[in-house]
Amino acid sequence: MKKIIITIDGYSSCGKSTLAKQLAAKLNYLYIDSGAMYRAITLYFIQQRVDWADIFQVKTALDNIHLEFVHNQLTGQSDMFLNEENVEPMIREMVVAEKVSEVAAIKEVRNFAVAQQQKMGAGRGIVMDGRDIGTVVFPYAELKIFMTADPGIRVQRRFKELYAKNPNITLHEVKENLELRDYIDSNREASPLRKADDAIILDNSNLTMDEQLDLVSQWVEDAIMSHSS
Ligand code: CDP
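Residues numbered from 1 in each chain as written. Predicted model: local features only at pLDDT ≥ 70, side-chain atom pairs only at ≥ 80, totals over all residues. Heavy atoms only, no water.

**Student:** I'm lost on the UniProt feature "binding site: ATP" (unreviewed entry) in the chain in this one. Help?
**Tutor:** Taking the numbering used here, the UniProt-annotated feature "binding site: ATP" (unreviewed entry) corresponds to Gly10, Tyr11, Ser12, Ser13, Cys14, Gly15, Lys16, Ser17 and Thr18. For Ser12, the position within the fold is in the loop between β1 (5-10) and α1 (16-27). If sequence neighbours within four positions are ignored, Ser12 has contacts with Arg131, Arg154, Leu178, Arg181, Asp182 and Asp185. With respect to the helices and strands, Ser13 occurs in the loop between β1 and α1. In this structure Ser13 touches Arg154, Arg157, Arg158 and Leu178, once residues within four positions along its chain are discounted. (UniProt positions renumbered as here; feature names shortened; annotations may be inferred. Helix = DSSP H or I, 4+ residues; strand = E, 2+ residues; numbered from the N terminus. Contact = heavy atoms within 4.5 Å.)

This is the structure in structure tokens:
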């Protein structure tokens with residue numbers, strides 16, 4: 001059967017990665033978490049004390065960054081490696097979440113990440129989630145989904161996820177972070193978060209995971225059918 005490119009864009013904590021992973025497993029496609037790349041770059045900038053207001057420092061830092069997704073036998077997922085080191089748990093922490101949207105708004109950072117993402121999708125059979133995947137990375141993708149969910153529900157979901165790892169986290173902190181990131185992501189100059197004209201909107205506020213997967217699986221079938229001829 002023909003393999004396609006599926007893009008999933010949308011606001012923070014809508015469940016994009018959950019859906020993307022399920023779809024990739026069901027279709028036997030490759031899943032790429034583009035947000036993990038921006039998070040890893042941000043982690044490097046924090047660790048190396050890069051002043052990202054200084055474009056020269058940004059360019060030098062990018063020259064020294066090697067990103068790679070490595071399959072984890074135990075979890076069955078791909079882990080983000082930064083310069084040969086598994087940074088998977090670290091990039092999900094609040095210190096990174098607080099800065100990632102600032103870093104991801106830098107044009108040079110985006111060019112660096114997008115070039116690698118486009119290479120990964122060259123063979124098709126890929127599900128990639130992010131903010132600009134359907135608009136900039138793969139504008140010719142066969143199926144584009146734009147995800148959204150009620151903001152209160154999104155805060156609760158992310159709070160639960162982070163609280164399990166760090167019981168000191170507050171609901172307020174999580175809410176502020178999601179609002180700030182959505183604001184920066186939607187208003188930046190370089191490829192802002194927006195729905196591609198040909199993307200299908202998926203509001204999953206009131207859908208169970210099974211209902212969501214059934215619905216999107218139908219969209220996938222339709223997209224494959226309509227691009228097979
Ligand atoms: O999982 P969550 O929705 O919270 O975010 P993520 O996908 O891990 O992305 C983290 C941040 O990276 C976003 O808030 C954006 O600032 C940035 N990002 C981006 O600019 N473009 C992408 N394609 C993916 C992420």
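**Student:** Help me understand the sheet that holds strand β5 (residues 85-86), please; the structure alone is not making it clear to me.
**Tutor:** For sheets, the rule is that strands pair by backbone hydrogen bonds, running either parallel or antiparallel. Spatial ordering of the open sheet is given by β3-β4-β5, a layout of 3 strands whose pairing is antiparallel. Every other strand in the sheet has two partners, leaving β3 (67-71) and β5 as the edge strands with one partner each. Strand direction decides the pairing type here: β3 and strand β4 (residues 78-82), joined by 5 bridges, are antiparallel. Note on β4: the bridge partner recorded for Glu68 is Phe81. (Pairing = 2+ DSSP bridges.)

**Student:** How do you make sense of the environment of Ala104 when you look at a structure like this?
**Tutor:** Among the structural elements, Ala104 can be located in helix α5 (residues 94-104). Judged by its relative accessible area of 6%, Ala104 is buried. Separated by 60 residues in sequence, Ala104 and Tyr44 place their C-alpha atoms 13 Å apart. Sequence-distant contacts of Ala104, that is, excluding residues within four places in its chain, are made with Tyr38, Arg110 and Arg188. (Buried < 20%, exposed > 50% of the residue type's maximum accessible area, 1.4 Å probe, protein only.)

**Student:** Mind showing me how you'd approach the site of the ligand here?
**Tutor:** Of all residues adjacent to the ligand, which total 19 residues, the nearest are Arg39, Arg110, Arg158, Asp185 and Arg188. Ser13 is positioned such that a nitrogen or oxygen atom in its backbone is 3.1 Å from an oxygen atom of the ligand. One nitrogen or oxygen atom from the side chain of Arg188 is found 2.8 Å from an oxygen atom belonging to the ligand. Taken by itself the ligand offers 530 Å² of open surface, and the protein chains cover 96% of this. Looking at the shell around the ligand, the elements that each hand over two or more residues are α2 (34-47), α5 and α9 (171-187). Broken down by element, the shell around the ligand gets its largest block of residues, 4 residues, from α2. In terms of residue class, the shell around the ligand is built from 4 nonpolar, 6 polar and 9 charged. (Near = heavy atom within 4 Å. Polar contact = N/O pair within 3.5 Å; in protein donor to acceptor, adjacent residues only side chain to side chain. Areas by Shrake-Rupley, 256 points an atom, 1.4 Å probe, with all protein chains shown as cover. Nonpolar A, V, L, I, M, F, W, Y, C, P; charged D, E, K, R; others polar.)

**Student:** Just checking my understanding: could you explain the pattern of salt bridges for this structure?
**Tutor:** For side chains of opposite charge, pairing can occur when their charged atoms come near one another. In total, this model carries 10 salt bridges according to the counting rule given. The residue Arg92 makes a salt bridge to Asp33 at a minimum N-O spacing of 2.9 Å. Pair noted here: Arg92 is in the loop between α4 (88-91) and α5 and Asp33 is in strand β2 (residues 30-33), with a separation of 59 residues, a long-range link. With a closest N to O distance of 3.2 Å, Arg158 and Glu161 form a salt bridge. With Arg158 and Glu161 both in helix α8 (residues 151-163) and 3 residues apart, the pair spans about one turn of that helix. By relative accessible area, which is 18% here, Arg158 ends up buried. Counted as one network, the salt bridges with shared partners bring together Asp33, Glu88 and Arg92. (Salt bridge = Lys/Arg side-chain N within 4 Å of Asp/Glu carboxyl O.)

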